[in-house]
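Residues per chain, in single letters:
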Amino acid sequence: ATPSVYTIQFGVSGGNTTYTVLEDGIAMPSATGLAYKGSQSISVPGRGMSVNIAGSPADGDTFTLQQSNNNLSLFNSLDKAIAGLNNGTLNNGQVQQIVNSGISQMDSISGNLQQARSSMGETLNRMDGIESRIASLKLIAQTDRSAAEDLDMVKAISDFQNKQTGYDAALKSYAMVQKLTLFQYING
């Protein structure tokens, strides 16, 4: 679903400034021809949004509210701001809006760069951790290999047979103890 675009249109008649809120180009019935007071925020009815607009809007001025996107280009944003400022027919409010929009876009682009930088740092940290674990595993493998290659076979076989004899004795004694009942143990 495409998010709605909201437009605030201003009208000035006889010194009174009014505004109408449009949703996707259609006037919202509860926000048509409302009196504009510069100190109060303008609400988009039923959507939980509001915006503050400073100054005195001229007849026909519009402001657009829409979902932001993350596909800003630094050079396109600069070109757009420069082209807007080179337009000699703009009034002070329009120039201020172009400047504010350009600064807002530059801030957004800077935030995107910081986010990408943070993501890259996180990835590099993960790669360093993986490299460290691989180095540890390699050292363990080399130690095990060295121990296996340097093994004294006679001593290893002797140790194994001693351990096997102890294991067999433990199993036999456990089997004998398990067969005993309490009465057999007492009668001895």
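Treat the numbers as computed from the prediction; the structure is a model and nothing was measured.

### Considering the overall build of the protein
A count of helical and extended segments in the protein gives four helices and seven strands. For the protein, the sequential pattern of α-helices and β-strands runs β-β-β-β-β-β-β-α-α-α-α. Out of the 188 residues belonging to the protein, those deemed buried represent 13%. Excluding contacts between residues fewer than 6 apart, the proportion of contacts in the protein whose partners are at least 24 apart in sequence is 40%. Counting every atom, the protein has about 14800 Å² of accessible surface; 56% of that belongs to carbon and sulfur. Separation of charge centres in the protein, based on 12 positive and 15 negative side chains, amounts to 10 Å.

### A few points about the pattern of salt bridges
On inspection of all chains with the given rule, the structure shows three salt bridges. Between glutamate 122 and arginine 126 there is a salt bridge, with the nearest N and O atoms lying 3.3 Å from each other. With glutamate 122 and arginine 126 both in helix H2 (residues 92–149) and four residues apart, the pair spans about one turn of that helix. Across the pair aspartate 159 and lysine 155 runs a salt bridge, and its minimum N-O distance is 3.2 Å. Of this pair, aspartate 159 and lysine 155 both sit in helix H3 (residues 153–179), separated by four residues, roughly a single helical turn. Given the relative accessible area of 33%, aspartate 159 is considered partly exposed.

### Things to note about helix H1 (residues 74–86)
Over its 13 residues, H1 extends 18 Å from the first C-alpha to the last, a length consistent with the 18 Å expected when each residue adds 1.5 Å. Tucked inside the fold, the buried residues of H1 contact H2.

### Here we look at the pairing of strand E1 (residues 6–13)
For E1 and strand E2 (residues 16–23), the ladder comprises eight bridges, and the chain directions are antiparallel. Bridging from a neighbouring strand, glutamine 9 pairs with threonine 20 of E2. Linkage of E1 to E2, two consecutive antiparallel strands, is achieved through a turn of two residues, within which glycine 14 is found at a positive phi near 60°. Two strands pair when backbone bridges link them, and E1 and strand E7 (residues 62–65) are joined in this way by four bridges, in the antiparallel orientation. Within E7, the position partnered with threonine 7 by the bridge is threonine 64.

### So, the environment of tyrosine 6
Among the structural elements, tyrosine 6 can be located in strand E1. Between the alpha carbons of tyrosine 6 and aspartate 24 there is a distance of 6.1 Å; along the sequence they are 18 residues apart. In contact with tyrosine 6, not counting residues within four places along its chain, are Leu22, Glu23, Met28, Val44, Arg47, Met49, Phe63, Thr64 and Leu65. Side-chain polar atoms of tyrosine 6 contact the side chain of arginine 47, separated by 3.1 Å.

### Focus: the side chain of threonine 20
Residue placement: threonine 20 occurs in strand E2. On the basis of relative accessible area, threonine 20 is assigned to the buried category, the value being 15%. For threonine 20, the side chain forms a polar contact with the main-chain nitrogen of glycine 33, separated by 3.2 Å.

Criteria and cut-off values
Residues numbered from 1 in each chain as written. Predicted model: local features only at pLDDT ≥ 70, side-chain atom pairs only at ≥ 80, totals over all residues. Heavy atoms only, no water. Helix = DSSP H or I, 4+ residues; strand = E, 2+ residues; numbered from the N terminus. Buried < 20%, exposed > 50% of the residue type's maximum accessible area, 1.4 Å probe, protein only. Contact = heavy atoms within 4.5 Å. Areas by Shrake-Rupley, 256 points an atom, 1.4 Å probe, with all protein chains shown as cover. Lys, Arg positive; Asp, Glu negative; His and termini not counted. Charge placed at Lys NZ, Arg CZ, Asp CG, Glu CD. Salt bridge = Lys/Arg side-chain N within 4 Å of Asp/Glu carboxyl O. Expected span 1.5 Å × (residues − 1). Pairing = 2+ DSSP bridges. Polar contact = N/O pair within 3.5 Å; in protein donor to acceptor, adjacent residues only side chain to side chain.

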